[in-house]
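Examination of the molecular architecture
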Amino acid sequence: MSKGSSQVITCKAIVCWGKGESLRVEEIQVEPPKSCEVRVKMLCASVCHTDILSTRGFPSPLFPRVMGHEGVGYGVESIGEEVNGLKQGDIVIPTYVAECQTCESCTSGKTNLCLKYPLALNCLMLDGTSRMSIRGQRLYHTFSCATWSEYMVINSNYVFKVDPSIALSHASFLSCGYSTGFGAAWKDAKVEEGSTVAVFGLGTVGLGVVEGARIQGASKIIGIDKNPRKKEKGQVFGMTDFINPDDSDKSICELVRDLTDGKGVDYSFECTGVAPLINEAIESTKLGTGKIILMGVGDHQSLQIHVLPLLCGRTLKGCVFGGIKTISDLPILLEKCRNKEIHLDELLTHEVQLEDINKAFEVLKQPDCVKVLVKI
């Protein structure tokens, strides 16, 4: 028996009924948690580029789906009997990766993708079922959670307790986008002091990369974006140089080499999901030693990659949640947030109510938009 309410809760949630369809505010039913789960009352959420892709069927074309994977909740409303380390009322954020600390992956020091608690690409609970339904029909999640809902149920291994003194918006941003970028420079690429970096796309993920690279001690951090307003924003996070591809007839990789004595950078980070940019990111790095971290996701299922630049000693690597482990690494990032070492205040540009979520997608198109907070 769970601690707290054992009743089914009827609440408002944002549901996508099919690929490309507009989002709808619906009344859904949320069951009580099972033994290793918690039911969380959401306080606010935020919008990530991945949410747009989710309406198009990413990571799997499973509908109807309750949207949202970034957020922070006044958890926990109800707790399964086998849950440890959490109590009713704790403030928690969802994480779509987990860390058991015992499996081969968790102990390898090479990846943050746990084998015991894997990525929920089937958009369901670990047992293959859902705790959410609408008029008797099963609802899928967005990965391991569904944050655009007044309540959600999530396996306790995919939540992280946060200090209640941390601003709710900051906590929400740390649950995916910013952490993904920051971690990519810190944990995945392990950017070295004095190294050079190129960042493709200065959205939340890209700005996280810039800040992570700055804290790691990179000597040159080149931000690349077609939006001229991102220049000032990037400089706040630590960018040293800015490239707007529309301002030159040269390719991006040529512009990067112009800023690095013809050598290219040590590390490039592709954060846009724009397919042709992966080759620009590859060829922007140094011959023989360049490392390219791929984080951006688009509608494409495959990429066309130029082989010769990779054969010449460069390394292309994918990255999920910035390589951050939820137990080992996330507390360090939250401590940086508490100590105001990172610029999360600069991310929040717009707010919408849950009922107005479709407006959020329009707001994202505005040139001054970085991050949209969803009030629940």
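This text follows the structure it describes.
Residues numbered from 1 in each chain as written. Predicted model: local features only at pLDDT ≥ 70, side-chain atom pairs only at ≥ 80, totals over all residues. Heavy atoms only, no water.

With that settled, the discussion passes to the pairing of strand β18 (residues 348-353). If a strand is regular, its side chains alternate between the two faces of the sheet. Pairing of β18 with strand β19 (residues 371-375) involves five bridges; the strand directions are parallel. What sits directly across from Gln353, in β19, is Lys375. Handedness of the crossover joining β18 and β19 through helix α11 (residues 357-363) is recorded here as right-handed. (Pairing = 2+ DSSP bridges. Helix = DSSP H or I, 4+ residues; strand = E, 2+ residues; numbered from the N terminus. Right-handed = clockwise from strand over helix to strand, strands pointing away.)

Turning our eyes to something else, we now look at the packing of aromatic side chains. Inspection of the entire model under this criterion finds seven aromatic pairs. Note on Phe58 and Phe143: the rings are 6.3 Å apart at their centroids and 75 degrees apart in plane angle, and the pair reads as edge-to-face. Of the two residues, Phe58 sits in the loop between α1 (49-54) and β5 (65-66) while Phe143 sits in the loop between β9 (137-138) and β10 (151-155), which places them 85 residues apart along the sequence. Taking the relative accessible area as the measure of exposure, Phe58 reaches 27% and is therefore partly exposed. Judged by centre distance (6.5 Å) and plane angle (75 degrees), the rings of Tyr117 and Tyr158 are edge-to-face. Taken together, the residues Tyr117 in the loop between α2 (104-108) and β8 (132-134) and Tyr158 in the loop between β10 and β11 (159-161) connect sequence positions 41 residues apart. (Phe/Tyr/Trp six-rings, centres within 6.5 Å; stacked < 30°, edge-to-face > 60°. Buried < 20%, exposed > 50% of the residue type's maximum accessible area, 1.4 Å probe, protein only.)

With that settled, consider the packing of helix α4 (residues 177-188) against helix α5 (residues 204-216). Their axes nearest at 6 Å, the elements α4 and α5 cross at an angle of 35 degrees. Pair α4 / α5 crosses with right-handed handedness. Two secondary-structure elements touch here, α4 through Gly177, Tyr178, Thr180, Gly181, Phe182, Ala185 and Trp186 and α5 through Thr204, Val205, Gly208, Val209, Glu211, Gly212, Ala213, Ile215 and Gln216. Across the contact of α4 with α5, the residue classes tally to eight nonpolar, seven polar and one charged. (Axes fitted to C-alpha atoms, helices over the stretch in contact; angles between N-to-C directions. Left-handed = near helix turned anticlockwise from the far one by under 90°. Contact = heavy atoms within 4.5 Å. Nonpolar A, V, L, I, M, F, W, Y, C, P; charged D, E, K, R; others polar.)

To continue, consider α5. Spanning 13 residues, α5 covers 18 Å between terminal C-alpha atoms, matching the ideal 18 Å at 1.5 Å per step. The buried count for α5 comes to 10 of 13 residues, which makes it a mostly enclosed element. Turning to α5, its buried residues number three or more, namely Thr204, Val205, Gly206, Leu207, Gly208, Val209, Val210, Glu211, Gly212 and Ala213. Those residues of α5 that are buried lie in contact with α4, β12 (196-200), β13 (220-224), α6 (230-237), β15 (267-270) and β19. In the segment just after α5, Gly217 is the residue with positive phi, at about 100 degrees. (Expected span 1.5 Å × (residues − 1).)

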